[in-house]
Amino acid sequence: MTESAGVVEHLFRHSAGQIIATLASRLGPARLDLAEEALADAFEQALRTWPHNGVPDNPRGWLFRAARNRAIDLVRREQTLRAKLPLLAELDPDTQSPGRDAELAMMLLCCHPELPQTSQVTLTLKTVGGLGVQEIAAAMLTSPGAVTQRLARAKRWLRSRESLELPPAAALAERVDSVLAVLYLLFSEGYDSTTGDAAVRRELCGEAIRLGRLLLADLRTDLPRARALVALLLLQASRLPARVDDEGEVLLLAEQDRSRWDSALIAEGTRTFAAACTGSELSAYHVEAAIALCHVASEGPEQTDWPRILQLYDQLAALRPSPVTWLNRAIALAMVQGPAAGIAELERLENDERLAGYRPLPAALGALWLRAGEPGRAAAYYRAALALPGSEAQQRFLRRRLAECAG
């Protein structure tokens, strides 16, 4: 990737949501499609001109101006929208940045209770997070066709909305819960990429953290569970420098060089978690952050407090019962009671339709059977995992594990 293309990709992850929200605040959410088209044209223009002309001194401002100008061109072609021209012309890329308030309002609008929760998550991941259809499908354990249909229905609903503004205080808490679910999925896709060649997409993780901080920066959305989620993301992100080796290959937690973990993120995550625990609220994000804290607090794999982690997974299963929670609990159980106990739990999950096509399940069974001294059974599960869709980095990881079984 050229330097200019890398800058464009970085800006897409960190600025697309802000620019789209700012344009939609002037055009109205009913014309979100026009805002998205204007921004897409601006990015295409950047990819076409920056390699020859160089990256501008203020690349975000350049994109903002290009998107605004393109939006003005598109509005001029539609008689019904020409009243919006003065509002767009007021946007001055030289003196103002894309608005954070508009982006927060866009996140909360995407999570409107009139939309089904699956549509809320899908629309926010696409509009604010910048994920593609394939990425959203992998993150939500569904098909690309289902994602496309949800987006189409959600955008039809948006056409009935005239303005982009923060909801009343009484409606904020429910909306925030949906936003938190979106940020969780956005970070997960970056932490363990399901598409492309890279094992980790740090831009997505950084974007999830940025949007989480956006919630905490506003007193109306600075809730304990929001702090707990941001703490979780910070603690997980602290391990990213050691998550892959110098060749970009995935490393398991036990294989990572813990001296490479980001101590500044650990400290910030620990402080944020402490702030999340000042009241009586206990959410699933609190428990997951506590699990992450157990990992970063241990000096090495042998010192990890797995009995405590297993207790926390029991608590998480009570707060948020889901097949993914039970899968992770089974892995913790195997660390405490041995691989046979974990295998028994995972084999029960094989009949859960919600995990059909979920690659971590056969991969986990492969790892536990290999640890139990049954390479033949392990190989069968690794082959099953390899047959499922995933990123090229995940494929390479599984092929290495399969080679271990043969060895």
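Given the structure is predicted, the values throughout are model-derived calculations rather than measurements.

S.K.: So what's going on with the packing of aromatic side chains? Residues and values would help.
M.R.: Overall, the coordinates contain three aromatic pairs when judged by the stated rule. Centre to centre, the rings of Tyr184 and Tyr285 are 6.1 Å apart; their planes meet at 45°, and the pair counts as tilted. Of this pair, Tyr184 sits in helix α9 (residues 169-191) while Tyr285 sits in helix α13 (residues 284-297), and the two are 101 residues apart along the sequence. Arg239 extends its terminal NZ or CZ atom over the ring of Trp261, reaching a point 6.0 Å from the ring centre. Above the face of the Tyr184 ring, Arg320 is positioned so that its terminal group lies 5.5 Å from the ring centre.

S.K.: Can you tell me about the side chain of Gln394, naming the residues and giving the values?
M.R.: Here Gln394 is to be found in helix α19 (residues 392-406). Residue Gln394 is classed as buried on the basis of its relative accessible area, which comes to 13%. Residues in contact with Gln394, not counting those within four places in the same chain, are Asp192, Ser193, Thr194 and Arg359.

S.K.: Go over the pattern of salt bridges, please, and point to the residues and values.
M.R.: Taken as a whole and assessed by the stated rule, the structure comprises 24 salt bridges. Linking Glu189 and Arg201 is a salt bridge whose minimum nitrogen-to-oxygen distance equals 3.7 Å. You can see Glu189 sitting in helix α9 and its partner Arg201 sitting in the loop between α9 and α10 (202-216), a full 12 residues away along the chain. Owing to a relative accessible area of 2%, Glu189 belongs among the buried residues under this scheme.

S.K.: Could you give an account of α9, naming the residues involved and the relevant values?
M.R.: Since one α-helical turn is 3.6 residues long, residues separated by three or four positions face the same way. Along its 23 residues, α9 runs 33 Å from first to last C-alpha, staying within 8% of the 33 Å computed at 1.5 Å per residue. Its axis deflected by about 25° at Arg175, α9 carries its strongest bend there.

Reading the values: rules and limits
- Residues numbered from 1 in each chain as written.
- Predicted model: local features only at pLDDT ≥ 70, side-chain atom pairs only at ≥ 80, totals over all residues.
- Heavy atoms only, no water.
- Phe/Tyr/Trp six-rings, centres within 6.5 Å; stacked < 30°, edge-to-face > 60°.
- Helix = DSSP H or I, 4+ residues; strand = E, 2+ residues; numbered from the N terminus.
- Lys NZ or Arg CZ within 6 Å of the ring centre and 35° of its normal.
- Buried < 20%, exposed > 50% of the residue type's maximum accessible area, 1.4 Å probe, protein only.
- Contact = heavy atoms within 4.5 Å.
- Salt bridge = Lys/Arg side-chain N within 4 Å of Asp/Glu carboxyl O.
- Expected span 1.5 Å × (residues − 1).
- Bend = angle between axes of the 7 residues up to and from the residue.

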